[in-house]
Amino acid sequence: MRTVIEADCTVTQVCDTATATDGSGSPTSNTVELAVASGARCKPEVTVNKEICTVSNPHACGPGGAGPWAKKSPVGLLQLPGTAYWRITVTDTGPVEATGVTVDDPTTRGCQAAGTFDLAVGASRQIYCNSFLLALPLKNTASATFSGLNEPPGTPPTTSAPSSAIACSLLCILTKES
């Protein structure tokens, strides 16, 4: 007997018992239980969006702050030394929950303070952090590492595509950094 499961990312186990009818009666097999490993189509799709606050007001640039936020700060916003306020938005667009999500931001270690978290399908989490800058321009890049719900043990985590934002100064006019 063969059991076929159509692609359903929520199936993690299959139980089956075979039955038959013949001249000697109705024999029944032992129940077989098998774990089901999710396929490539059943992995989370996690994106990261790194932004910089375009005003120098800590209240506008903190958790729940209105910003505004952009991929590059306006020229002249940040002085040397100065503080840049960053926002990282991590989103899971599905089809399954992302588990063990961690943010990697080697330039601004404070952005990693979010720890490890899970993201349901369609959910987002925003991380706010800041860094003291001694040199500009600064391109700050972040990514996220995660696993999928119900992945088999030993499956290595996946890393999202990186996302960057730039803290700018008057030097940005002189460079071709974008």
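For the structure itself, look to the data block above.
Residues numbered from 1 in each chain as written. Predicted model: local features only at pLDDT ≥ 70, side-chain atom pairs only at ≥ 80, totals over all residues. Heavy atoms only, no water.

(A) How the structure looks around the nonpolar core. The biggest cluster of nonpolar side chains holds 22 residues, and the ones touching the most others in it are Trp 86, Ile 88, Val 90, Val 101, Phe 117 and Ala 167. Top contributing element to this core by residue count: strand S5 (residues 82-92), with four residues. Ignoring any residue separated from it by four or fewer positions in sequence, one finds Val 90 in contact with Val 46, Thr 47, Val 48, Val 101, Val 103, Phe 117, Leu 119, Ala 123, Ser 124, Arg 125, Ile 127 and Ala 144. Grouped together as the second largest cluster of nonpolar side chains are six residues, Ala 60, Trp 69, Tyr 85 and Tyr 128 included. (Core = buried A, V, L, I, M, F, W, Y, C linked by side-chain atoms within 4.5 Å. Buried < 20%, exposed > 50% of the residue type's maximum accessible area, 1.4 Å probe, protein only. Helix = DSSP H or I, 4+ residues; strand = E, 2+ residues; numbered from the N terminus. Contact = heavy atoms within 4.5 Å.)

(B) Local environment of the environment of Leu 136. Tracing the backbone through its elements, the reader meets Leu 136 in the loop between strand S8 (124-133) and strand S9 (138-148). With relative accessibility at 5%, the residue Leu 136 sits in the buried group. Spatially, the C-alpha atom of Leu 136 lies 8.9 Å from that of Ile 166, the residues being 30 residues apart in sequence.

(C) Spotlight on the side chain of Thr 108. One can find Thr 108 in the loop between strand S6 (98-104) and strand S7 (117-119). Residue class for Thr 108 comes out buried when judged on its relative accessible area of 3%. Within polar-contact distance, the side chain of Thr 108 engages the side chain of Asn 140 at 2.6 Å. (Polar contact = N/O pair within 3.5 Å; in protein donor to acceptor, adjacent residues only side chain to side chain.)

(D) How the structure looks around the state of the cysteines. Here the structure, examined in full by the defined rule, presents one disulfide. The partner cysteine of Cys 53 in its disulfide is Cys 61, sulfur to sulfur 2.0 Å. Residues Cys 53 and Cys 61 are joined by a disulfide whose S-S torsion is about -65 degrees; by sign, that bridge is left-handed. Assessed through its relative accessible area of 2%, Cys 53 is described here as buried. In this structure Cys 61 comes out as buried when scored by relative accessible area, which is 2%. (Disulfide = S-S within 2.5 Å.)

Purely geometric stuff here, so don't read any function into it on its own.
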